[in-house]
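Structural characterization, general
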Amino acid sequence: MTTTTVRPPVGAAPQPAPPRRRLRDAASKHWYAWAMVTPVVLVLAVLVLYPLVQGVYLSLTNANEMNSARTIGANEVEATYEFVGLDNYFAVLSGEEGAFYPRLLWTLVWTVTCVVLHYSLGLGLALLLNRALRGRSVYRMLLILPWAVPPFVAAFAWRLILNNDGGVLNAVLNTLGFDSVNWLGEPLAAKISVIMVNVWLGVPFMMVALLGGLQTVPKELYEAAEVDGASPWQRFRAVTLPGLRPVSGTVILLGTIWTFNQFPVIAMLTGGGPGGATNILVTEAYERAFQGIRDYAGAATYGAIIASMLVVFAFCYRQWLDRQASEVPS
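Remember, predicted model here, so these are calculated numbers, not experimental data.

**Observations regarding the overall build of the protein chain**
Of the regular secondary structure elements, the protein chain holds 14 helices and two strands. What you see for the protein chain is a C-alpha radius of gyration of 27 Å, clearly larger than the 20 Å of a compact globule of 330 residues, by over 25%. In terms of its C-alpha atoms, the protein chain occupies a principal-axis envelope of roughly 110 × 80 × 35 Å. Evaluated residue by residue, the protein chain yields a buried proportion of 32% over its 330 residues. In the protein chain, the proportion of contacts linking residues at least 24 apart, taken out of those at least 6 apart, comes to 67%. Within the structure as shown, the protein chain displays about 21100 Å² of accessible surface, and the carbon and sulfur contribution to it stands at 66%.

Quick look at the structure:
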């Protein structure tokens with residue numbers, strides 16, 4: 001008995017391969033890439049995905065230190081917390097627990113102020129270092145130094161500088177005839193202090209990223225603009241800023257996410273004080289999770305809200321950048 005193979009008519013569109021076969025072909029063709037990616041995926045799943053899922057689950061319960069599973073001597077106490085659904089989210093977003101909206105307002109002020117100063121100061125320094133300048137490598141190294149210092153080291157060093165008794169900054173103010181300022185003990189002064197320290201830490205990253213972007217802008221554009229009689233400000237606005245748009249979009253997005261979640265500076269410089277005045281959302285979540293009677297559900301709720309806000313911001317920001325890019329004439 002002979003079998004015949006049915007072939008598609010000439011000119012007919014080829015039939016797509018079954019999904020299982022396509023997956024098998026991709027695995028056999030790109031096995032090396034899969035082998036390299038798999039360990040990273042596993043690490044991310046353990047360090048990021050699992051804690052995220054666990055945090056979302058805890059935010060839907062009433063878990064705290066008293067009703068969670070724990071060991072007391074030789075006794076094993078089982079968990080007794082219950083599933084409460086979205087009650088924690090309603091309590092936080094309705095203002096029932098009282099701390100969310102003041103912390104959110106200060107977090108927004110803190111983030112916007114720091115990112116604006118990061119970008120403006122970083123761009124100014126990048127423009128200076130992009131010019132022919134004697135000793136430019138030395139200046140670049142000195143300006144990058146704050147970025148190389150670990151945040152906890154920088155925070156402790158700044159505590160010595162801003163200390164009320166014997167601090168370097170107050171000593172300078174007294175020498176100039178001004179009164180001492182309780183930089184870490186008064187709400188307004190403490191907010192200024194944490195912003196100042198975070199700007200000192202964050203400007204080098206912006207400077208390096210924007211300096212790299214400046215060096216990719218074609219010099220011919222500046223020469224053409226100069227021949228057309230454009231002033232320095234017009235060249236900056238018409239050539240420099242459009243040339244930096246891709247880099248600026250990325251560094252502003254990263255800077256916003258990092259600053260919104262900037263835990264070390266506030267935790268180690270002021271501890272959220274005085275009286276919680278410098279607590280942002282992430283330090284408030286930390287206090288709920290690790291201070292007093294530990295409220296794991298409340299801290300997880302804050303964490304889930306913070307993550308949701310950043311995801312929405314990143315999505316909307318990228319959409320806005322894409323619209324801006326599409327409106328630029330080619």
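**What to know about the environment of Leu160**
With respect to the helices and strands, Leu160 occurs in helix 6 (residues 151–162). For the pair Leu160 and Val251, spaced 91 residues apart in sequence, the C-alpha separation works out to 31 Å. Setting aside chain neighbours within four positions, we find Leu160 in contact with Gly167 and Val168.

**What to know about the packing of helix 8 (residues 187–214) against helix 11 (residues 245–260)**
To describe two helices that pack against each other, one gives the angle between their axes and the distance between the axes. Taken N-terminus to C-terminus, the directions of helix 8 and helix 11 make an angle of 160 degrees; their axes are 10 Å apart at the nearest point. Comparing the axis directions of helix 8 and helix 11 gives the class roughly antiparallel. Here helix 8 runs over helix 11; the crossing is right-handed. Residues Asn198, Phe205, Met206, Ala209, Leu210 and Gly213 of helix 8 lie in contact with helix 11, whose contacting residues are Val247, Ser248, Val251, Ile252, Leu254, Gly255, Trp258 and Thr259.

About the cut-offs
- Residues numbered from 1 in each chain as written.
- Predicted model: local features only at pLDDT ≥ 70, side-chain atom pairs only at ≥ 80, totals over all residues.
- Heavy atoms only, no water.
- Helix = DSSP H or I, 4+ residues; strand = E, 2+ residues; numbered from the N terminus.
- Rg over C-alpha atoms; globule rule 2.2 N^0.38 Å.
- Buried < 20%, exposed > 50% of the residue type's maximum accessible area, 1.4 Å probe, protein only.
- Contact = heavy atoms within 4.5 Å.
- Areas by Shrake-Rupley, 256 points an atom, 1.4 Å probe, with all protein chains shown as cover.
- Axes fitted to C-alpha atoms, helices over the stretch in contact; angles between N-to-C directions.
- Parallel < 35°, antiparallel > 145°, perpendicular 65-115°, else oblique.
- Left-handed = near helix turned anticlockwise from the far one by under 90°.

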